[in-house]
Amino acid sequence: MADAALRLTTLAEELLGAPLPVRIRAWDGSESGPPGAPTVVVRHRRALRRLLWRPGELGLARAWVAGEIDIDGDLYETLDLLAGLIWERGSDQKTAVHPVRDPRLRAAARGLLKLGGALPPPPPPAEEVRRRTGPLHTKRRDKEAISHHYDVGNDFYELVLGPSMVYSCAYWDGAGTLEGAQRDKLDLVCRKLGLRAGDRLLDVGCGWGSMAIHAAREYGARVTGVTLSREQAVYARKRIADEGLTDRIEIRIQDYRDVRDGPYEAVSSIGMAEHVGRVRYREYADQLFSLLVSGGRLLNHQIARRPEKDESAYRVDEFIDRYVFPDGELAPLGRTVATLEEAGFEVRDVQAIREHYARTLRAWVANLERAWSQAARLTSTGRARVWRLYMAASAASFERNRIGVNQILAVKAPDGGSSGVPLRTRDWR
C-alpha cells in the first residue's frame, strides 16, 4: 500500500509539534496534507537518509541540490509557509540537534530509517564546498571562497543578472526594469560619493566592472577596481575596452588588503563586505580609512542580519556556507557602524533598502527560470538549483525582515571638522 507521504507527514508534524502547512508527495505516488496547498515532492528515499545523517538544514540542502526534493507549486508561497512555521517558532525547537537525548526524536529517527532504507547516505552533491583548512579569512582562503562563488562562468551570470551585470541590490526609484534600477543604484552611489571629474575612486570588489564604467563614463572619475575573481577581471577589462575607457579604469586581481597606491577621493564597496568576516572587519575599515584623502568618502553597501540576544551564538547558515558563499558572514548594522567609527570614520548617512533587495532577487529568479535549460547546461543542474533556492529564500528573508541591506556613507573628516556633505543629504546633489 502506497502510504509513504502520510507517514512522512505524521513524522514531520510530530517533530514540529504543529500541523504541516504544505502537502507531501512521496516517491511511491502517495500524497498527504492540506488540499490545495503547495506540494513538497520527495522524489527518492535517499533524501531521508541524508536527513538522518545530517539532520536539519544541511541534509535538506543536499537533497534539494541532488534533485531528491522539489516543490510543485509557487516556490515563494512554499518557502513563506515553511519559514513562518520554522522561523516564528524560534530557537526552542531543537528537532534536529540532539535526537539521542529526546525519546520523541529517537522514535522519529527510527521511523525515518524504516522509510529511507539502509545507511550510509550518498555522498554530498558535487556543488558542495569540500572541507576547508586553515584560519578563516586568510588571503588564500578568501581567494578560494571567492572563486567558488564567482568563477562559475560569466555566461551563467549574464543569464541571471541581465545586461547590467550588477550583482547587488538594485534601487527601484521609478525604474520599470532591472537594468534601469541597477543604473539608478550605481548613480545613487556616485552622487553620495560626490564624484567629480578627475577624482580617484577605488571600487573594492568591483565585480564585472559596472560601477567602474558608470563612474568613469558619467562622472569622469579615474577608477581602480579590485577583485579576487579572474573571470570577473577578464570580463570587466573587455567591457571597459569596448567602452573606450581603458585610459580611465584599471582592473586588478588583487586583495583589498594589498592596495597601497592611495590616496583616493572616494571608495565604493558594494556587496563585498559580507565576505570580510568578523575577524577581519576592523582591518577592512582601517585599510579603507588609510586609503582616503582627508575629507574622502566611503560608500559601504552591505547586507546585515538582525542582532542576536547572545552574539556568541551566531552561526553561519549551513546551506549558504556550503553551497553559495563559503566563509561569508553577516553582521548587525550597529556593529558595522561602530567598527567604521572606531576606525576613525564619521558616519554621515545610513539608508535601509531591504525591500529593494527582495524585488531585485525576484527579478534574478525570474531570469534564471526563463533560461533554466541554458543555465543548467552552462554550469550544472545542481548549481542552477542552488541558485534558484538561495535567491528565492533570500528574497523571503528580506521581505520578512530577517536580513536587511544598508548603504552607509562615511567620511574621513578633516581636522577642521568640515565633512563636505550637503545639509539636505537625501537630495544627493
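Structure shown above.
What you see is a predicted model; the values in this text were computed from it and never measured. (Residues numbered from 1 in each chain as written. Predicted model: local features only at pLDDT ≥ 70, side-chain atom pairs only at ≥ 80, totals over all residues. Heavy atoms only, no water.)

### Digging into the nonpolar core
- In this structure, Tyr157, Tyr167, Phe319, Trp364, Trp387 and Met391 are the most contacted members of the largest nonpolar core, which totals 54 residues.
- The leading source of residues in this core is helix α16 (residues 381-399), at 8 residues.
- If near-sequence neighbours (up to four positions away) are discounted, Trp364 is found in contact with Val160, Leu161, Val166, Tyr167, Ser168, Leu178, Gln182, Tyr357 and Met391.
- Counting residues in hydrophobic clusters, the runner-up holds 26 residues, among them Met211, Ala215, Ile270 and Leu299. (Core = buried A, V, L, I, M, F, W, Y, C linked by side-chain atoms within 4.5 Å. Buried < 20%, exposed > 50% of the residue type's maximum accessible area, 1.4 Å probe, protein only. Helix = DSSP H or I, 4+ residues; strand = E, 2+ residues; numbered from the N terminus. Contact = heavy atoms within 4.5 Å.)

### Here we look at helix α3 (residues 57-65)
- Counting buried positions along α3 gives 7 out of 9 residues, so the element sits mostly inside the fold.
- All buried positions along α3 are accounted for by Leu58, Gly59, Ala61, Arg62, Ala63, Trp64 and Val65.
- Looking one or two residues beyond α3, the residue adopting positive phi is Gly67, at roughly 80°.

### Description of the sheet that holds strand β8 (residues 264-270)
- Taken together, the 7 strands give an open sheet; going across it, the order is β7-β6-β5-β8-β9-β11-β10, and neighbouring strands pair in mixed fashion. This sheet does not close on itself; its edge strands, each paired only once, are β7 (249-253) and β10 (346-352). Between one strand axis and the next, the sheet turns through 15° on average, direction left out of account.
- In this structure, strand β6 (residues 222-227) lies alongside β7, joined through 5 bridges in parallel fashion. Looking at β7, one finds that Thr227 is bridged to Ile253.
- On the sheet, helix α8 (residues 178-193) packs against β5 (200-204), β8, β9 (292-305), β10 and β11 (403-411) and is oriented at approximately 145° with respect to β9. (Pairing = 2+ DSSP bridges. Axes fitted to C-alpha atoms, helices over the stretch in contact; angles between N-to-C directions.)

### Here we look at a nonpolar patch on the surface
- A cluster of nonpolar side chains, contributed by Trp53, Leu113 and Leu119, occupies part of the molecular surface with about 310 Å² of accessible area.
- With respect to the helices and strands, the residue Leu113 is situated in helix α5 (residues 103-116).
- The class of Leu113 is partly exposed, set by a relative accessible area of 39%. (Patch = residues over 30% accessible without salt bridge, like charges linked within 9 Å, V, L, I, M, F, W, Y side chains within 5 Å. Areas by Shrake-Rupley, 256 points an atom, 1.4 Å probe, with all protein chains shown as cover. Salt bridge = Lys/Arg side-chain N within 4 Å of Asp/Glu carboxyl O.)

### Some details on the pattern of salt bridges
- Taken as a whole and judged by the stated rule, the model has 33 salt bridges.
- The salt bridge partner of Glu318 is Arg54, with a shortest N-O separation of 2.9 Å. Here Glu318, found in helix α12 (residues 318-324), pairs with Arg54, found in the loop between α2 (46-53) and α3; they are 264 residues apart in sequence, far enough to count as distant.
- The partner of Glu369 in a salt bridge is Arg388, with the nearest N and O atoms 2.9 Å apart. Separated by 19 residues along the polypeptide, Glu369 in helix α14 (residues 354-370) and Arg388 in helix α16 bring together distant segments of the chain.
- Residue Glu369 is classed as partly exposed on the basis of its relative accessible area of 38%.
- Each of Arg23, Arg25, Glu31 and Asp72 takes part in a single network of salt bridges with overlapping partners.

### A few points about a positive patch on the surface
- The grouping of Arg7, Arg45, Arg106, Arg110 and Lys114 at the surface amounts to a positive patch.
- For the positive patch, the leading source of residues is α5, giving 3 residues.
- For Arg45, the position within the fold is in the loop between β3 (39-42) and α2.
- Using a relative accessible area of 32% as the deciding quantity, one classes Arg45 as partly exposed. (Lys, Arg positive; Asp, Glu negative; His and termini not counted. Charge placed at Lys NZ, Arg CZ, Asp CG, Glu CD.)

### Some remarks on helix α9 (residues 210-219)
- Counting buried positions over the 10 residues of α9 gives 8, a clear majority of the element.
- Of the positions making up α9, those classed as buried are Ser210, Met211, Ala212, Ile213, His214, Ala215, Ala216 and Tyr219.
- Buried-residue contacts for α9 involve α8, β5, β6, α10 (230-243), β7 and β8.
- Looking one or two residues beyond α9, the residue adopting positive phi is Gly220, at roughly 70°.

### Looking at the pairing of β9
- Of all 14 residues in β9, 11 are buried; the element is thus mostly enclosed.
- Pairing between β8 and β9: 6 bridges, direction parallel. Directly across from Val267, in β9, lies its bridge partner Leu298.
- In this view, the connection linking β8 to its parallel neighbour β9 by way of helix α11 (residues 281-291) has right-handed handedness.
- Sheet analysis places β9 next to β11, joined by 9 bridges and oriented antiparallel. Bridged to Ile303 within β11 is Val405. (Right-handed = clockwise from strand over helix to strand, strands pointing away.)

### Notes on the sheet that holds strand β4 (residues 69-72)
- Ordered by their spatial adjacency, 4 strands build an open sheet running β2-β1-β3-β4, and the pairing between neighbours is mixed. Lying at the two open borders of the sheet, with one neighbouring strand each, are β2 (31-32) and β4.
- Taken together, the 2 bridges between strand β1 (residues 23-25) and β2 define a ladder with antiparallel strand orientation. Bridging from a neighbouring strand, Arg25 pairs with Glu31 of β2.

These results come straight from atomic positions and should not be treated as a statement about function.
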